[in-house]
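Coordinate inspection notes
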Amino acid sequence: MRGSLRTDARSSIGRILAAARRLLGEPTAASLNRIAQEAGVGIATLYRHFPNRQVLARAVLEQVFDEEVEPLLARFAEGDAPRADLLAVAERLVDLLHRERGVVASIGNPTDVTAHFLARDRRLADAVARARLAGNLRPDLDADDLPALLAMLVTGPGLLDAEPTSRRRYLSLLLDGLNPGRAEPLPPRPPVGPGRP
């Protein structure tokens, strides 16, 4: 019986996420009641798994990241992070955030959420180390910098609204900041202490 409940819960969550992805992408914001109705579940079931719109939107975006960005990150993490792979990841992120703008608008701070999703993959630390050794990334860049930099880059004002050719040009230009040939030493990180992240 417990196994079937878990299966039912997974099925409900899947239907809720699918309905939320469809409805949050509509021009007018869908209510959580409408999302529950579209998913074929009661509003109490939706609230049990997703206590508010922001949590639901974040779960939708996480699922999209897992399906569409994770394979690119895996390829990036297997090599020495050539610029072409980094540009492919950045372009996929911008395309995804542009396409899912209704979901993104329900999240609050897309930069923080994007950085969090990117930072989950600890394989990036090894990839960054290999890329530095290969000369593909500046020598003072560390693994914690890359998710934050990519998130700031792909959620920058104006970039999501630019047409694809311009987006690629701007991303390419901004990624040149990671070019070790022109790098200057980075300023130190701020100290970590009470009240600081």
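Use the structure listed above.
What comes next is a walk through the structure. Source: prediction; values computed, not measured.

1. So, the nonpolar core
Ile35, Leu56 and Leu61 are the most contacted members of the largest nonpolar core, which totals 56 residues. In terms of residues, this core owes the most to one element, helix 4 (residues 53-78), which gives twelve residues. Discounting chain neighbours no more than four positions away, the residues touching Leu61 are Leu96, Leu97, Val103, Val104, Ile107, Val113 and Phe117.

2. Points about helix 9 (residues 145-154)
In terms of burial, helix 9 is a largely internal element, seven of the ten residues being buried. Among the residues of helix 9, those classed as buried are Asp145, Leu146, Pro147, Leu150, Ala151, Leu153 and Val154. If you follow the buried residues of helix 9, they end up packed against helix 4, helix 5 (83-99), helix 7 (110-119), helix 8 (123-134) and helix 10 (164-175).

3. Side note on helix 8
Between its first and last C-alpha, helix 8 extends 17 Å over twelve residues, near the 16 Å set by a 1.5 Å rise per residue. Within the sequence span of helix 8, burial applies to Leu124, Ala127, Val128 and Ala131. Along the axis of helix 8, the buried positions cluster into a sector of 100°, meaning they face one direction only. Opposite the packed face of helix 8, turned more than 90 degrees from it, sit the exposed residues Asp126 and Leu133. Remark: Gly135 follows helix 8 within two positions and exhibits a positive phi of approximately 80°.

4. Considerations on the side chain of Thr45
Counting through the fold element by element, Thr45 comes out in helix 3 (residues 43-49). Not counting residues within four places of it along the chain, the set of residues in contact with Thr45 comprises Ser12 and Ile16.

5. Quick notes on the environment of Asp145
Structurally, Asp145 can be placed in helix 9. Asp145 sits 134 residues away from Ser11 along the chain, and the two C-alpha atoms are 37 Å apart.

6. Let's talk about the side chain of Asp85
Tracing the chain through its elements places Asp85 in helix 5. If we skip the residues at most four places from it in the chain, Asp85 touches Arg75 and Phe76.

Thresholds, definitions, all that
- Residues numbered from 1 in each chain as written.
- Predicted model: local features only at pLDDT ≥ 70, side-chain atom pairs only at ≥ 80, totals over all residues.
- Heavy atoms only, no water.
- Core = buried A, V, L, I, M, F, W, Y, C linked by side-chain atoms within 4.5 Å.
- Buried < 20%, exposed > 50% of the residue type's maximum accessible area, 1.4 Å probe, protein only.
- Helix = DSSP H or I, 4+ residues; strand = E, 2+ residues; numbered from the N terminus.
- Contact = heavy atoms within 4.5 Å.
- Expected span 1.5 Å × (residues − 1).
- Arc of directions from axis to C-beta.

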